[in-house]
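Here are the chains, one letter per residue:
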Amino acid sequence: MKNKLKIYSSIVLLFIAIGCSLLLSSCHKEISGSNQVGSSYARNYSQVFEDFWNDMNKSYVFWSVDPTNWDAIHDKYAPIFDSLNVNPGKTTDSVVAHNFKEIVDGLVDSHYNLSLITGYGISPSLDRKWKNPQFIGNLFKTNLNALYPDSINYYNIKVDSSYLSNKFVAYDTLSGFYCISGTVKGTNALYLGFSTFSLTSEYSNNSQVKKSLDNFLVHLSNPAITGVIIDVRGNGGGEVSDLNFLIGSFITSPLKIGFTRSKNGSGRLDYTPWADAIVTPDTWGIDFTKPIIVLTDGLSASMSELTAMALKLLPNTKVVGDTTWGANGPLTQNSDFNAGSFSFGNIGTSIGTGTTYYYGSVYTSSTMFKYINGNVYEGKGFPPDYVLKVGPNDINLPNKVMKDPQLEKAISLIPQ
Amino acid sequence: MINKQKIGIYIVVLLLFTFYNTGMAQVVSDDEIAPLNKEEPINSKFSIGFEIGANINYLITNVSDLNATKYTSMKGVNFGVPILYKANDWFDIKATPSILEKNYSMLRTGYYTGIYRDTKNTYLQLPVMGECSFGGEKIKGYIDLGGYAAYWNSSQIKGAMPNILNQPQYGTYINNTNTYSSTIFQDYNAYNYDEKYQFNTIVDNRIELGLIIGGGISYELNENGKIYIDTKYYYATTDQQKNYQQGLVPKYNETYAFSVGYLYQLKKKVSTKKAKLTKKTTITDDSINN
């Protein structure tokens, strides 16, 4: 009798176990992911919004430092986009754009740019800059390319009032790239200014640029040189490889400047570990210990900021000018780092051309950069050691004389 | 929607209630009764021991929205101290405070081959199970059913990923074949890491609850102890992440563990006078204590 009870009890327990195992699948939350970026078809505004919102969860890399409440954005705007489905039309395009502008307004990523197929472009960082009366664009309200005496327009027009001697100006008419190197008049200070970070490719492909850069690099090891001025004002950045090319000239051993991290999952805070950000010296690199002055302004962005931050780690560097733009997260294609630029709202693919059309595209960083001091300067900008803001009256003096107070400050910091 | 945490708790409570009501009794035979006026040890209802084993853990999630990415299982080890309460000759209640690894790996494929992240998690786990045994005198089989609570104690991550800000020296190229790169590490230097994972209080849910189904075979060495081989399936019912955002894809552990162990039956000193009085009767905990 007792043995029978044992057997029956065992069988009952076995059935309970099997039953429980069958029930287990209902104990989990639904494990469904969204589609890969750019693969969700959008037939109405609701779907466009949902695709954009989901892709931002996955691809935006600054959620850990961004104050935007993305869930609250969904709660507020999902019903608004639902309502837009009712009366689609031309007027809706501007309403959609207006809503997107509100949605992305507070994002800290200062590379961020949202383009809609309807022709609207939204840059939250630029919008913020325009609201700041001290923003250099507001101060000058003019062609920023002609702003400084280091710009190509300045040199084309006002060469005779240049600060430089032994100068070499290279200008790529095709790309618009320019590079100016030389020695500051009456001093032994080297000067290098350039429009964008495409030094590596221009050095390889443009003989004039090569001469201009060699003019700088050759003199760098000249014992008579008393210091160096690197001018990245008005420079919006460019190729990451230029970091080694330029900074690598000043060092003989690898220089750790900070850390980068990207995403390894679709959750907002699914981050990779922080990877060391390293500048590798050039074969011609020297252990440069003389003063280096980096000129920055509110238009110095991306690689310009990384350059200022990297040079700041050398023993004798000062930054002069204004706080940089605040866009220093490197970019590349989304799939490499599970983060970065993406298109959303797949409208369809043209049978004739094979081109896929999207309602919108987002340009955004693939990785977050943290400086060696632990600060993330995204959305804030890198502050100078010597703050020297300039306005039109500081540069354009009477009798058509032009002056560069920031450059003059830089020159004053280099011993003669 | 079934509340998953409550299910686990209900099952454990139900089992405990069931076993409590099965009559926690033990028959003492004539042979077990010692001479008068002496205190002699008899087998207690409690046994304690140790077990050690290996496991394989799966992270149950969905990565279909990630490009060329998949999760795979990883092996781990487990160690536990089983404490068994013998309710009767076929029902036991077992708790096994354990240290258990629940490891998994994330891999990328195709062009991204080489990017990986091995995650080794250590959990402090307390499973409580009802155990029903069957079989002969020496060799017995048993089935376990219960629930567990665990604390995610530590995590070590090891892997490789592309490093966007560690470019090769100017003039040198990782891929110098003038052809398209076949893997990402021909285009980027790798960043290799092996570091302690820093828990994020917003993201990481360090309390895990779950259900257990298991079974095994024990062999009684003597009246003092037995050895056993044991297999268990741990099914987490709680997400590894806190619900910190809308639309979060959940992550659950599923662990298959295999252990070998030894259980020693604790002894209890019983007054033989009292034992005499209870000859051919049932000795219960209450009667001994009175």
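Residues numbered from 1 in each chain as written. Chains lettered and ligands numbered in written order. Predicted model: local features only at pLDDT ≥ 70, side-chain atom pairs only at ≥ 80, totals over all residues.

Re the interface of chain B and chain A
The line we're drawing: Residues are treated as contacting if the C-beta atoms built from their backbones sit within 7 Å of each other. Helix and strand definitions here come from DSSP, where helices need a minimum of 4 consecutive H or I residues and strands a minimum of 2 consecutive E residues; each element is numbered from the N-terminal end. Residues are sorted three ways: Asp, Glu, Lys and Arg are charged, Ala, Val, Leu, Ile, Met, Phe, Trp, Tyr, Cys and Pro are nonpolar, and all the rest, Gly among them, are polar.
At the junction of the two partners, chain B supplies 52 residues and chain A supplies 55 residues. Going through the elements one at a time, α1 (4-20), β7 (116-135), β8 (139-163), β9 (189-196) and β10 (207-222) of chain B are the ones with two or more residues in the side of chain B that touches chain A. In terms of residues, the side of chain B that touches chain A owes the most to one element, β8 of chain B, which gives 6 residues. Residue classes in the side of chain B that touches chain A are distributed as 32 nonpolar, 15 polar and 5 charged.

Side note on the environment of Ser304 of chain A
Residues and elements named next belong to chain A. By the secondary structure assignment, Ser304 is in helix α11 (residues 303-312). Linking Ser304 and Asn235, residues 69 residues apart in sequence, is a C-alpha distance of 6.3 Å. In this structure Ser304 touches Val232, Asn235, Gly237, Thr296 and Thr324, once residues within four positions along its chain are discounted.

Some points on unusual backbone geometry
For Asn338 of chain A, which is not a glycine, the phi torsion comes out positive at approximately 55°. Positionally, Asn338 of chain A belongs in the loop between α12 (334-337) and β11 (342-349). Even without glycine at this site, Ala68 of chain B takes up a positive phi of about 50°. Structurally, Ala68 of chain B is set in the loop between β2 (39-60) and β3 (69-80).

A word on the confidence of the model for chain B
All names here are of chain B. Test applied: Confidence scores per residue from the predictor, reported as pLDDT, run from 0 to 100.
Scored by pLDDT, chain B comes out at a mean of 84, with 77% of its residues at no less than 70. Within the model, the stretch residues 14-34 combines pLDDT values under 50 with 35 contacts to residues more than four positions away or in other chains. Residue range residues 275-290 is modelled with pLDDT below 50. Its contacts to residues more than four positions away, or to other chains, number 21 contacts. Both confidence scores are given for the complex: pTM 0.86, ipTM 0.88.

Digging into the sheet that holds strand β10 (residues 317-321) of chain A
All names here are of chain A. Which entries qualify depends on this criterion: Any two strands with at least two DSSP-identified bridges between them are counted as paired. Axes here mean lines fitted to C-alpha atoms, for a helix over just the part in contact, with angles spanning 0 to 180 degrees between N-to-C directions.
Here we have 7 strands laid out as an open sheet, ordered β3-β4-β5-β6-β9-β10-β14, and mixed in their pairing. The open sheet terminates on both sides in strands that have one partner only, identified here as β3 (164-171) and β14 (386-387). Of the strand pairs in this sheet, strand β4 (residues 178-184) and strand β5 (residues 189-194) are connected by 5 bridges, and their pairing is antiparallel. If you follow Gly182 over to β5, its bridge partner there is Tyr191. Taken strand by strand, α11 contacts β6 (227-231), β9 (292-296) and β10, and its axis lies near 155° from that of β9.

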